[in-house]
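Summary of the model geometry
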Amino acid sequence: MSLLVVTALALAGCGGSKSNDGGAASQGSDASASAPASQSSDKPKEDVTLTYTIWDQLQQPAMEAIAKEFTAQNPNIKVKVEVIPWGDYWTKMSAAAPAGTLPDVFWMHSGQFVKYASGKFLEPITDKVQAGEIDLNNYAANLGSIYALDGQNYAIPKDFDTIGLAYNKDLFDKAGVPYPDDTWDYAKLAQVAKQLSQPDKGIYGFAAKMDTQTGYWNDMLANGGSVISADGSKSGYDDPASIEALKARYQMILDKASPSHQQMTDTDATEMFKSGKVAMIFEGDWRTTDIDGSDIIKGKWNWAPLPKGKAKRGNIINGLGNVMSASGKHKDEAWQFLKFLGSKRAAEITAEMGAAIPAFKDTQAAWVKSKPQLNLQVFIDQAADAMPYPAGSKAYPVWFPKESEIMAQAWGGNISIEEGAKQVAAMMNQAIADNK
């Protein structure tokens with residue numbers, strides 16, 4: 001989206017999601033974050049080129065703009081922004097980490113963090129935090145705590161994200177159905193999904209995809225279930241409320257209100273939405289630029305909040321962090337760049353260019369205004385209801401890959417949804433027990 005931030009999330013919004021909780025940001029801290037490296041050292045300047053590796057090509061222009069402004073302040077430090085697509089990113093990082101060839105600075109995901117921190121591949125920044133060089137209180141929703149392990153801090157929050165309901169206005173208009181709004185619940189979602197579906201024409205009301213963060217985890221939370229217990233000691237998949245929510249999502253496939261699992265395996269569900277074949281889909285704010293870049297749907301879609309469940313309006317919040325390599329050859333310069341990435345100015349560039357919802361407090365408004373034709377405010381507003389992405393344990397890297405293997409059997413109709421959920425729960429509980 002690792003995430004022991006539930007209390008803070010209730011108080012703040014999340015980026016990409018929501019947290020706009022006022023001026024707690026320290027001008028003094030931000031000033032230090034923006035200061036040229038030359039001000040912090042009397043050592044002779046050495047021309048250095050840092051590598052900054054990310055996985056989203058759509059964010060590359062903003063990251064390069066940040067790097068350019070940093071270099072303008074620190075002429076001896078050049079930054080090369082390298083993009084490795086998500087599908088290859090962690091494969092390459094996994095090989096680079098033990099070889100000591102990780103990039104100087106790079107993006108970190110909460111789901112991968114424990115692996116890299118426990119492997120001593122990331123440079124701790126705890127001493128910098130304690131010295132006041134960076135103030136983690138400057139970031140929304142206590143996002144700085146996501147990337148902490150065994151008392152050490154490793155990352156500066158970059159952004160945050162929540163999940164929204166994307167809908168095709170054109171398909172709603174043709175059916176004479178009002179657009180989704182904040183009064184919708186899951187019953188209304190299912191009803192309208194049926195109403196908008198024309199399976200004989202290859203058009204479906206909703207994409208009931210088999211997915212976690214942008215799929216059924218939100219349903220489970222909304223229905224009163226859980227992914228994992230608050231203390232991380234037990235899976236929530238076998239909770240009756242979780243099973244009920246999973247069944248309800250799968251029922252939309254059985255009702256032909258959603259494409260089948262095979263159809264969504266053959267063609268990505270969001271691509272189906274972009275081509276006008278799906279009227280509604282849960283997606284993360286990070287897909288906004290991608291979806292809006294489709295000539296087929298551009299100008300014909302918008303965002304709404306996720307529907308309310310029996311218990312609440314569920315939502316998963318996550319946040320990326322910027323980290324530096326423990327084996328980097330230019331750690332002083334890498335720290336200066338990392339610190340600038342965590343500055344208010346870098347957040348403003350990110351927001352103004354519409355790249356992502358910045359984590360720095362009180363900078364999200366520019367992101368909302370970056371695409372005024374879309375209701376991006378829903379992602380900010382939903383942060384207060386969101387639960388953190390459940391990756392904050394050493395068990396997560398064990399159980400998460402296996403979860404999709406089991407649920408694919410259920411979504412594919414080989415086992416029942418209830419059996420799949422119970423198998424996932426048993427597997428998770430074993431992983432938790434083995435990795436305490």
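Now for a look at the structure at hand. (Residues numbered from 1 in each chain as written. Predicted model: local features only at pLDDT ≥ 70, side-chain atom pairs only at ≥ 80, totals over all residues. Heavy atoms only, no water.)

**Concerning the pattern of salt bridges**
- One pass over the full model with this rule turns up 19 salt bridges.
- Of the charged contacts, one joins Glu123 and Lys331 as a salt bridge, the two residues approaching to 3.0 Å between their closest N and O atoms. Of this pair, Glu123 sits in the loop between α5 (110–118) and α6 (126–130) while Lys331 sits in helix α14 (residues 331–341); the two residues are 208 residues apart in sequence, bridging distant segments of the chain.
- Taking relative accessible area as the criterion, Glu123 reaches 21% and is therefore assigned partly exposed.
- On the basis of relative accessibility, which here comes to 30%, the residue Lys331 falls in the partly exposed class.
- Members of the salt-bridge network, linked through shared partners, are Lys209, Glu271, Lys274, Glu283, Arg287 and Asp290. (Salt bridge = Lys/Arg side-chain N within 4 Å of Asp/Glu carboxyl O. Helix = DSSP H or I, 4+ residues; strand = E, 2+ residues; numbered from the N terminus. Buried < 20%, exposed > 50% of the residue type's maximum accessible area, 1.4 Å probe, protein only.)

**A closer look at the pairing of strand β10 (residues 301–304)**
- A two-sided burial pattern is seen for β10, the buried positions comprising Trp301 and Trp303 on one face and Asn302 and Ala304 on the other.
- Here four bridges tie strand β8 (residues 163–168) to β10, and the two strands are oriented antiparallel to one another. When the bridges of β10 are listed, Asn168 appears paired with Trp301. (Pairing = 2+ DSSP bridges.)

**Structural notes on the side chain of Arg249**
- Tracing the backbone through its elements, the reader meets Arg249 in helix α10 (residues 240–254).
- Here Asp219 takes part through its side chain, which lies 2.5 Å from a polar atom of the side chain of Arg249.
- Setting aside chain neighbours within four positions, we find Arg249 in contact with Phe206, Ala207, Ala208, Lys209, Gly215, Tyr216, Asp219, Phe282 and Trp411. (Polar contact = N/O pair within 3.5 Å; in protein donor to acceptor, adjacent residues only side chain to side chain. Contact = heavy atoms within 4.5 Å.)

**Quick notes on the packing of α10 against helix α19 (residues 417–434)**
- Where α10 contacts α19, the axes come no closer than 9 Å and their chain directions differ by 135°. Our classification of the angle between α10 and α19 gives oblique. The way α10 lies across α19 gives a crossing that is right-handed. Residues Ile243, Leu246, Lys247 and Tyr250 of α10 form the contact with α19, whose participating residues are Ile417, Glu418, Ala421 and Lys422.
- For the contact of α10 with α19, the per-class residue count stands at five nonpolar, no polar and three charged. (Axes fitted to C-alpha atoms, helices over the stretch in contact; angles between N-to-C directions. Parallel < 35°, antiparallel > 145°, perpendicular 65-115°, else oblique. Left-handed = near helix turned anticlockwise from the far one by under 90°. Nonpolar A, V, L, I, M, F, W, Y, C, P; charged D, E, K, R; others polar.)

**Here's the deal with the environment of Ala222**
- Looking at the element boundaries, Ala222 is found in helix α9 (residues 212–222).
- Separated by 91 residues in the primary sequence, Ala222 and Arg313 have C-alpha atoms spaced 5.1 Å apart.
- Filtering out sequence-adjacent residues up to four positions away, Ala222 remains in contact with Tyr186, Gly309, Lys310, Ala311, Lys312 and Gly314.

**Observations regarding the nonpolar core**
- Tyr52, Tyr237 and Met280 are the most contacted members of the largest nonpolar core, which totals 134 residues.
- Top contributing element to this core by residue count: α19, with eight residues.
- Here this core spans two domains, and each of domain 1 (48–161 + 317–388) and domain 2 (163–314 + 393–434) adds at least three residues to it. (Core = buried A, V, L, I, M, F, W, Y, C linked by side-chain atoms within 4.5 Å. Domains from an automatic or database assignment.)

**What about the packing of α10 against helix α18 (residues 396–411)?**
- Put simply, α10 and α18 touch, their axes get as near as 11 Å, and they point 50° apart. If you check the angle between α10 and α18, you find them oblique. Mapping the contact onto sequence places Leu246, Arg249, Tyr250 and Ile253 in α10 and Met407, Ala410 and Trp411 in α18.
- Among the residues making up the contact of α10 with α18, the classes are represented as six nonpolar, no polar and one charged.

**So, the sheet that holds strand β12 (residues 321–324)**
- The strand order β2-β1-β3-β12-β6 describes an open sheet built from five strands, whose pairing is mixed. Each edge of the open sheet is held by one strand with a lone partner, namely β2 (77–83) and β6 (156–157).
- Bridge count for strand β3 (residues 105–108) against β12 is four bridges, and the pairing is antiparallel. Following the sheet pairing, Phe106 is matched in β12 by Val323.
- Of the strands in this sheet, β1 (48–54), β2 and β3 are in contact with helix α3 (residues 60–73), which crosses β2 at around 170°.
- Contacting β1 and β3, helix α4 (residues 86–99) crosses the sheet at an angle of about 125° to β3.

**Considerations on the environment of Asp185**
- Of note, Asp185 is situated in the loop between α7 (169–175) and α8 (186–196).
- Along the backbone, Asp185 and Pro307 are 122 residues apart, and their C-alpha atoms lie at a distance of 4.4 Å.
- Residues contacting Asp185, with those up to four places away along its chain left out, are Pro307 and Lys308.
- Looking at Asp185, its side chain comes within polar contact range of the main-chain nitrogen of Ala187, at 3.2 Å.

**Section: the side chain of His109**
- With respect to the helices and strands, His109 occurs in the loop between β3 and α5.
- Separated by 2.8 Å, the side chain of His109 and the backbone nitrogen of Gly111 make a polar contact.

**A word on α4**
- Here α4 spans 20 Å end to end across 14 residues, near enough to the 20 Å set by a 1.5 Å rise per residue.
- Buried within α4 we find Tyr89, Trp90, Met93, Ala96 and Ala97. Here the buried residues of α4 occupy an arc of 130° about the axis, which is enough to place them on one side. Opposite the buried face of α4, at more than 90 degrees from it, the exposed residues are Gly87, Thr91, Pro98 and Ala99.
- Residues of α4 that are buried make contact with β1, β3 and α5.
- Downstream of α4 by one or two residues, Gly100 has phi in the positive range, about 75°. (Expected span 1.5 Å × (residues − 1). Arc of directions from axis to C-beta.)

**Considerations on unusual backbone geometry**
- Although it is not a glycine, Lys120 sits at a positive phi angle of roughly 65°.
- For Lys120, the location among the structural elements is in the loop between α5 and α6.
- Of the residues examined, Lys120 reaches a relative accessible area of 63% and is grouped as exposed.
- Residues other than glycine seldom take positive phi values, yet Lys256 does so here, at roughly 60°.
- Positionally, Lys256 belongs in the loop between α10 and α11 (261–266).
- Residue classification places Lys256 among the exposed residues on the basis of a relative accessible area of 52%.

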